[in-house]
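If you want the building blocks of each chain, they are given just below.
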Amino acid sequence: MTDTIDTAGGPGHIDSVDRAKTSPDVDQPFRELGLKDDEYQRIREILGRRPTEAELAMYSVMWSEHCSYKSSKVHLKYFGETTTDEMRAKMLAGIGENAGVVDIGDGWAVTFKLESHNHPSYVEPYQGAATGVGGIVRDIMAMGARPVAVADPLRFGPADAPDTKRVLPGIVAGVGGYGNCLGLPNIGGEVVFDESYAGNPLVNAMCVGVMKTEDLHLAHASGKGNKIILFGARTGLDGIGGVSVLASETFDGDESGGGRKKLPSVQVGDPFAEKVLIECCLDLYHSGLIVGIQDLGGAGLSCATSELAAAGDGGMRVDLDQVPLRAAGMNAAEILSSESQERMCAVVDPSKVDEFMKVCQKWDVTANVIGEVTDGENLEIYWQDELVVDVPPRTVAHHGPVYQRPVERPGEQDLIAADNANTLARPSTPDELRETILTMAASPNLCSRAWVTDQYDRYVRGNTVLAQPSDGGVLRIDEETGRGIAIATDCNARYTRLDPYTGAQLALAEAYRNVATTGATPMAVTNCLNFGSPEDPGVMWQFQQAVRGLADACAELGIPVTGGNVSFYNQTGQQAILPTPVVGVLGTIDDVTRRIPTGIGGEEGETLILLGETREEFGGSEWARVAHDHLGGTPPKVDLAREKLLAEILLAGSRDGMISAAHDLSEGGLAQALVETALVGECGARVVLPEGADPFVQLFSESAGRVLVAVPRSEELRFTDMCTARGLPWAKVGVADAGSNSLDIQDVTEIPLPELREAWEGTLPKLFG
Amino acid sequence: MARVVVDVMPKQEILDPQGQAVANALPRLGFDGITEVRQGKRFELEVADDVDDATLANIAETLLANPVIEDFVVRRAEA
Amino acid sequence: MARVVVDVMPKQEILDPQGQAVANALPRLGFDGITEVRQGKRFELEVADDVDDATLANIAETLLANPVIEDFVVRRAEA
Amino acid sequence: MKIGIITFPGTLDDVDAARAVRRAGGEAVALWHADHDLKGVDAVVVPGGFSYGDYLRCGAIAKFAPVMTEVIIAAGKGMPVLGVCNGFQILCESGLLPGVLTRNAGLHYVCRDQWLKVENNSSAWTTRYDAGAELLVPIKHGEGNYVADEAVLDQLEGEGRVLFRYAGENPNGSRRDIAGITDARGRIAGMMPHPEHAIDPLTGPTDDGLGMFLSVLDSLVAA
Ligand SMILES: Nc1ncnc2c1ncn2[C@@H]1O[C@H](COP(=O)(O)OP(=O)(O)O)[C@@H](O)[C@H]1O
Ligand SMILES: [Mg+2]
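Residues numbered from 1 in each chain as written. Chains lettered and ligands numbered in written order. Predicted model: local features only at pLDDT ≥ 70, side-chain atom pairs only at ≥ 80, totals over all residues. Heavy atoms only, no water.

A. Representation of the overall build of chain A. When helices and strands are counted, chain A shows 27 helices and 28 strands. In terms of overall size, chain A behaves like a compact globule, its C-alpha atoms giving a radius of gyration of 27 Å where 769 residues would be expected to give roughly 27 Å. The C-alpha extent of chain A, read off along each of the three principal axes, is 85 × 55 × 50 Å. Across chain A, contacts joining residues at least 24 apart in sequence account for 85% of those joining residues at least 6 apart. With an accessible surface of roughly 25,200 Å², chain A has 48% of that area assigned to carbon and sulfur atoms. The distance from the centre of the 63 positive side-chain charges to the centre of the 110 negative ones in chain A is 3 Å. (Helix = DSSP H or I, 4+ residues; strand = E, 2+ residues; numbered from the N terminus. Rg over C-alpha atoms; globule rule 2.2 N^0.38 Å. Contact = heavy atoms within 4.5 Å. Areas by Shrake-Rupley, 256 points an atom, 1.4 Å probe, with all protein chains shown as cover. Lys, Arg positive; Asp, Glu negative; His and termini not counted. Charge placed at Lys NZ, Arg CZ, Asp CG, Glu CD.)

B. Representation of the coordination of the magnesium ion (ligand 2) in the model. All names here are of chain A. Bound to the magnesium ion (ligand 2) on the protein side are Asn98 (OD1) and Asp139 (OD), at distances that span 2.2 to 2.3 Å. Taken as a pair, Asn98 in the loop between strand 1 (91–93) and strand 2 (100–105) and Asp139 in helix 8 (residues 125–141) lie far apart in primary sequence, 41 residues in all. Of the two residues examined, Asn98 and Asp139, each falls in the buried class. (Donors = N, O, S within 2.8 Å, 3.2 Å for Na, K, Ca; no water. Buried < 20%, exposed > 50% of the residue type's maximum accessible area, 1.4 Å probe, protein only.)

C. Representation of the relation of the copies chain B and chain C within the structure. Overlay of chain B on chain C (RMSD 0.2 Å): rotation 180 degrees, translation along the axis 0.0 Å. Such a turn and shift between the copies fits a two-fold axis. Across chain B, the smallest distance between a C-alpha and the rotation axis is recorded for B:Lys41, namely 2.1 Å. (Least-squares fit on C-alpha atoms with pLDDT ≥ 70 in both.)

D. Spatial organisation of the nonpolar core. The biggest cluster of nonpolar side chains holds 161 residues, and the ones touching the most others in it are A:Phe231, A:Phe356, D:Phe8, D:Tyr146 and D:Phe164. No other element matches the nine residues that helix 11 (residues 271–286) of chain A contributes to this core. Ranked by size, the runner-up nonpolar core spans 90 residues in total, among them A:Ala486, A:Ala546, A:Ile649 and A:Cys723. (Core = buried A, V, L, I, M, F, W, Y, C linked by side-chain atoms within 4.5 Å.)

E. Representation of the sheet that holds strand 2 (residues 34–47) of chain B within the structure. Pairing within the open sheet is antiparallel, and its six strands lie in the order 3(B)-1(B)-2(B)-2(C)-1(C)-3(C). Sheet topology places strand 3 (70–77) of chain B together with strand 3 (70–77) of chain C at the edges, where each strand pairs with a single neighbour. Averaged over all pairs of adjacent strands, the angle between strand axes in this sheet comes to 25 degrees, irrespective of strand direction. Looking at chain direction, strand 1 (residues 2–10) of chain B and strand 3 of chain B are connected through eight bridges and run antiparallel. Residue pairing for strand 3 of chain B: B:Pro10 is matched across the bridge by B:Glu70. (Pairing = 2+ DSSP bridges. Axes fitted to C-alpha atoms, helices over the stretch in contact; angles between N-to-C directions.)

F. Region of interest: the pattern of salt bridges. Across all of its chains, the model carries 67 salt bridges over all chains by this definition. Across the salt bridge formed by A:Glu279 and A:Lys275, the nearest N and O atoms sit 2.8 Å from each other. With a gap of four residues between them, A:Glu279 and A:Lys275 both fall in helix 11, about one helical turn apart. Within this structure, D:Lys117, D:Glu119, D:Glu150, D:Asp154, D:Glu157, D:Arg165 and D:Arg176 form a network of salt bridges that share partners. (Salt bridge = Lys/Arg side-chain N within 4 Å of Asp/Glu carboxyl O.)

G. Quick peek at unusual backbone geometry. Going from A:Gln468 to A:Pro469, the amide bond is cis rather than trans, its omega being 0 degrees. Phi angles above zero are rare outside glycine, and A:Asn741 is one such case at about 55 degrees. By the element assignment, A:Asn741 lies in the loop between strand 26 (730–737) and strand 27 (742–745). Its relative accessible area of 41% is what places A:Asn741 among the partly exposed residues. Of note, D:Lys39 is a non-glycine position whose phi angle comes to about 50 degrees, a positive value. By relative accessible area, D:Lys39 is classed as partly exposed at 41%.

H. Representation of the pairing of strand 18 (residues 561–567) of chain A in the model. Residue and element names in this part refer to chain A. Among the seven residues of strand 18, six are classified as buried, and the element is accordingly described as predominantly covered. Pairing geometry for strand 17 (residues 521–530) and strand 18, over six bridges, is parallel. Bridge pairing in strand 18 links Leu529 to Val566. In terms of handedness, the path from strand 17 via helix 21 (residues 537–557) over to strand 18 forms a crossover that is right-handed. (Right-handed = clockwise from strand over helix to strand, strands pointing away.)

I. Geometry of the interface of chain D and chain B. Counting residues at the interface gives five residues for chain D, matched by eight residues for chain B. Across the chain D to chain B interface the summed buried area is about 590 Å²; carbon plus sulfur atoms make up 76%. Joining chain D to chain B, the criterion identifies zero salt bridges. On inspection of chain D and its partner chain B, the count reaches zero residue pairs in polar contact (both at pLDDT 80 or more). Taken together, the residues of the side of chain D that touches chain B sort by class into five nonpolar, no polar and no charged. (Buried area = accessible area lost by both parts, 1.4 Å probe. Polar contact = N/O pair within 3.5 Å; in protein donor to acceptor, adjacent residues only side chain to side chain. Nonpolar A, V, L, I, M, F, W, Y, C, P; charged D, E, K, R; others polar.)

J. Fine view of the packing of helix 21 of chain A against helix 23 (residues 640–655) of chain A. Residues and elements named next belong to chain A. Contact pair helix 21 / helix 23: the axes reach a minimum separation of 9 Å and the direction vectors enclose 45 degrees. Taken as axis vectors, helix 21 and helix 23 run oblique relative to one another. Here the hand of the crossing between helix 21 and helix 23 comes out right-handed. Only Leu640, Ala641 and Lys644 of helix 23 make contact with helix 21, whose side of the interface consists of Ala553, Glu556 and Leu557. (Parallel < 35°, antiparallel > 145°, perpendicular 65-115°, else oblique. Left-handed = near helix turned anticlockwise from the far one by under 90°.)

K. Spotlight on the sheet that holds strand 25 (residues 707–712) of chain A. Residue and element names in this part refer to chain A. Strand order across the open sheet formed by seven strands is 23-25-22-26-24-27-28, with mixed pairing between neighbours. Every interior strand has two partners, whereas the edge strands, strand 23 (661–664) and strand 28 (749–752), have only one. For this sheet, the mean inter-axis angle between neighbouring strands, taken without regard to orientation, is 20 degrees. Of the strand pairs in this sheet, strand 23 and strand 25 are connected by four bridges, and their pairing is antiparallel. In the strand pairing of strand 25, Ala661 is matched with Ala710. Each of strand 22 (606–611), strand 25 and strand 26 touches helix 26 (residues 716–726); the most contacted strand, strand 22, lies at about 10 degrees to it. In this fold helix 27 (residues 753–768) packs onto strand 24 (684–687), strand 27 and strand 28, with an angle of close to 75 degrees to the strand it touches most, strand 28.

L. Geometry of the packing of aromatic side chains. Residue and element names in this part refer to chain D. In the structure shown here, the tally under the stated rule is 17 aromatic pairs over all chains. Note on Phe88 and Tyr146: the rings are 6.0 Å apart at their centroids and 10 degrees apart in plane angle, and the pair reads as stacked. In this pair, Phe88 is assigned in helix 3 (residues 86–93) and Tyr146 in strand 8 (residues 145–147), connecting sequence segments 58 residues apart. Using a relative accessible area of 0% as the deciding quantity, one classes Tyr146 as buried. (Phe/Tyr/Trp six-rings, centres within 6.5 Å; stacked < 30°, edge-to-face > 60°.)

M. Focus on the interface of chain B and chain C. Each partner contributes residues to the interface: chain B has 33 residues there, and chain C has 33 residues. Here chain B packs against chain C, burying approximately 2,600 Å² in sum over the two surfaces, 68% of which is carbon and sulfur. Linking chain B with chain C are two salt bridges. The partner of C:Asp7 in a salt bridge is B:Arg42, with the nearest N and O atoms 2.8 Å apart. Run the count over chain B and chain C and you get 12 residue pairs in polar contact (both at pLDDT 80 or more).

N. Broad picture of the pairing of strand 12 (residues 379–383) of chain A. All names here are of chain A. Taken across its five residues, strand 12 has four buried, putting it largely inside the fold. Here strand 9 (residues 315–319) pairs with strand 12 via four bridges, running parallel. Looking across to strand 12, one finds that Val318 is bridged to Ile381. Alignment of strand 12 against strand 13 (residues 386–391), held across five bridges, turns out to be antiparallel. Along strand 13, the bridge assignment pairs Glu380 with Asp390. The loop that links strand 12 with its antiparallel partner strand 13 comprises two residues; one of these, Gln384, has a positive phi angle of about 50 degrees.

O. Representation of helix 26 of chain A within the structure. Residue and element names in this part refer to chain A. Buried within helix 26 are the following residues: Glu716, Phe719, Thr720, Met722 and Cys723. Down the axis of helix 26, the buried set is contained in an arc of 155 degrees. They therefore lie on one face. In this structure, helix 26 carries Leu717, Thr724 and Ala725 as exposed residues pointing more than 90 degrees from its buried face. Elements in contact with the buried residues of helix 26: strand 22, helix 23, strand 25 and strand 26. Downstream of helix 26 by a residue or two, Gly727 has a phi angle that is positive, lying close to 80 degrees. (Arc of directions from axis to C-beta.)

See below:
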């Protein structure tokens, strides 16, 4: 570190605004904090002087990639540009708020969002994942909602890699440990293994919240004289600089980087404190004690104060001496940057402060007035009676740098596309096909997730109607009316690698289809865009293509993106992860009793019908990976009009009691869907593949837009007539056979269910204990 | 054979919700005068005599503790 | 002010699956010669000088340990 | 009939327990951990969750809550008490039931649908079941491994105080597959599985758990 000011704290040593004015030439460690030369110059121009140390800390975290979206902003705009008024009609809050909110009818609103906590989860898997869940839950609380469910899309290196053994159990235990203790049912997620995530696992977390529409709270500090109250945990030295580390190129050197004390960059979560905070917040909302509210997450108080002030109509004055601290000797910059968990910041009318404090006392939650809304323009922060921050809040919160990063389609894309997967050597004899079905069912990406999901409470609060292993999670919202919601998250990053535009559309199509497969109507979209370094033009091209693909597809399906998150710099050395735009879809179901289960055998005598068309599509398929470790060619074709029709048929079918089970076809194709629907339903099946067709293609192709449905025999004609009338291709592929206890694929093979079960369920316990 | 004790404690600057929970409970139970509680783990290992200190430190660092959030101390206990 | 350490260990005759898991992991990681591992808890308390030993034993016995399955030792550490 | 449902900070399944009580035809009365009276209830359910975070040992801190003092007194006079999951842990820590629940043998939290065998159908909470019947009920816990010394286990079995055993695979290493026990009078029951999550096949695996709540209401009416 270069020469710097004395930051030792204590009177006379504080780097105040006055001092900054009189010592313009002090050498400041802006580079260590991740700021570029020109970014630092801009801060000086905005302020008309050098920033104080506290201001520098604030700008550096708020202008980091993670908080400012500086590389992604120009692309994310496209989501707004492609959202029509019609799509916006049900949106009560969208991009720009802590989380999107949609109106689901009967006076209910639902808020949901995905976030990443990738790097911290690699460094300290348990706490990284736990605090990832904690962070997204507070985002949802900040909208005025009660959090009601979580989901966790996860990505790891190879299942048998030693580091995966270190990382995966900790992450799963952390997601479970935090979510279980909060009493939030876990109703979905993903577990994907791929070489590219070795050294860079992805921990994305989704939270869903519910409120009455009139309870919607937006983060803003308006009304001169209103008090700013910090409540929840005390502020300590956790995760100082965490945000800049999360998103910056200095990830490796984080522990000692930035000219700071050697402090851990990870945070430790206290789920009990958060559970109490949730109940306390809901109590405060219901008592009408809140004007505005903001969660504290990345960038801590820097973010909360500047965002609240920037969204209000005046200025704000904050006194850091009122912030309850956990550690001795913290200075202003550290208090502002601390990422201590389980804290919230509220704007409260002065006449309601006493009542506010009473509610906090009931819940044993620490609360302190730390400042107030002023009629000035600036955010003024005091520390030991010195003015240490005096900034226009919007320059911190919203006017960060914006980069038009170079975008270039890598030349190798053509080579990859030319490496056609349809020409790979295939199994053909019945024995080979049988072996392939079993090997695929046991492969890490297709095998049962029970080892993971059994560590998550899916029952708590008694409203879970569908969870793992269903395609989507379904939750009852209203016990009187039976109204409910469905969620699903998806992304096949192998497809995105082959073609990021189409891959992102396929991710959306799958999440959409998964929601529809439960009998719900898809309504809105969130995302978590996990990519490599934005400084790599090839990665930026992937990013740009994925955003365009996703936005265009949303427009075609008529459902809006209501929010999301970007995580860049996911790479190990020069090796970026597969481009992974995880897409979450929210749907509604007006009566949860008509949800469609996944397993067959629920009704006496069911016909199995495959909806959609099967083409020869093996590019990016799981079979190509398992059998040949191959990734090349082009991903399956997307047909969004077809997806829409499929969803309508599923809805109509479930409404009229024509469908007794349904399972979407994705990785592993029809074979895997049959294995799963039989094992989940504990019911055998007899399958007849279309005559003359290549059984291998029928069983393992990953053509999109397909769902396997079970139809009670009495409804078969009515159902197929409806499909025919509406132009949806369908094929009868067999019958459920409760007596057989085997999966019998005629002219191919018959496999007893216990043998299938051993293959499907054995893999993760064997790997992870 | 030697008995080795490894004490693993949360770093001073790291939040320790477990210790915190105990500290908060004590006054409610009528025990005053305890100002701080931290909770960590204690491992007792039976170790063959040819296992050297470097190996023990390595075990503590890679398996018993995560140095990102925890400190540890290895001691050979008198038998 | 004194620092007090309370060590809480599972009773010898009680199964200790956590210690067992560590013991099993060691050879897989290439560490040999550790025949047994037991895992317990370590508490560090900052205690006012007027808190006597009987009180500390009481705290350990009623709160920090469950005597049905755990043994404990209370020590005043040198400052 | 009024059944009290205790909420500690960190309790999670109180809403489910209350729903189950209502579904069985009882009146659910909310009790707060800091309460010093039981509001005239006829029985008490201590539901699952993570009281005070359960960081030290499950139930170790909750046993000291003011409301538990009242529960201990009332239980002594014969009021029916049911502890489910964290509630079972709290009853053991309080000394209302013998033994202790330790970390699952597999070291993981386990949430799954579990078959149970009814061993005792004469306690206040189990008269609606047939002895030997099998129930499918969710379990969800990280520390459900029931431990007591051999003499206590022999006594529990000898006096017919084992309410339920795990059928099929033992999910947590519990001694003698014990899933639930009762006190000598058959009034105080503790169990790891969650009957309140099995009251409706829409949201649970079955409605097999409803019998617990129906049983206790029967016993209260009869009394
Ligand atoms: N990939 C994306 N797509 C759409 N909106 C996004 C995306 N990434 C971020 N946003 C939106 O930008 C805003 C800022 O996001 P973020 O900084 O993650 O919120 P927070 O401050 O709560 O962490 C949010 O409204 C979020 O929904
Ligand atoms: Mg936010």
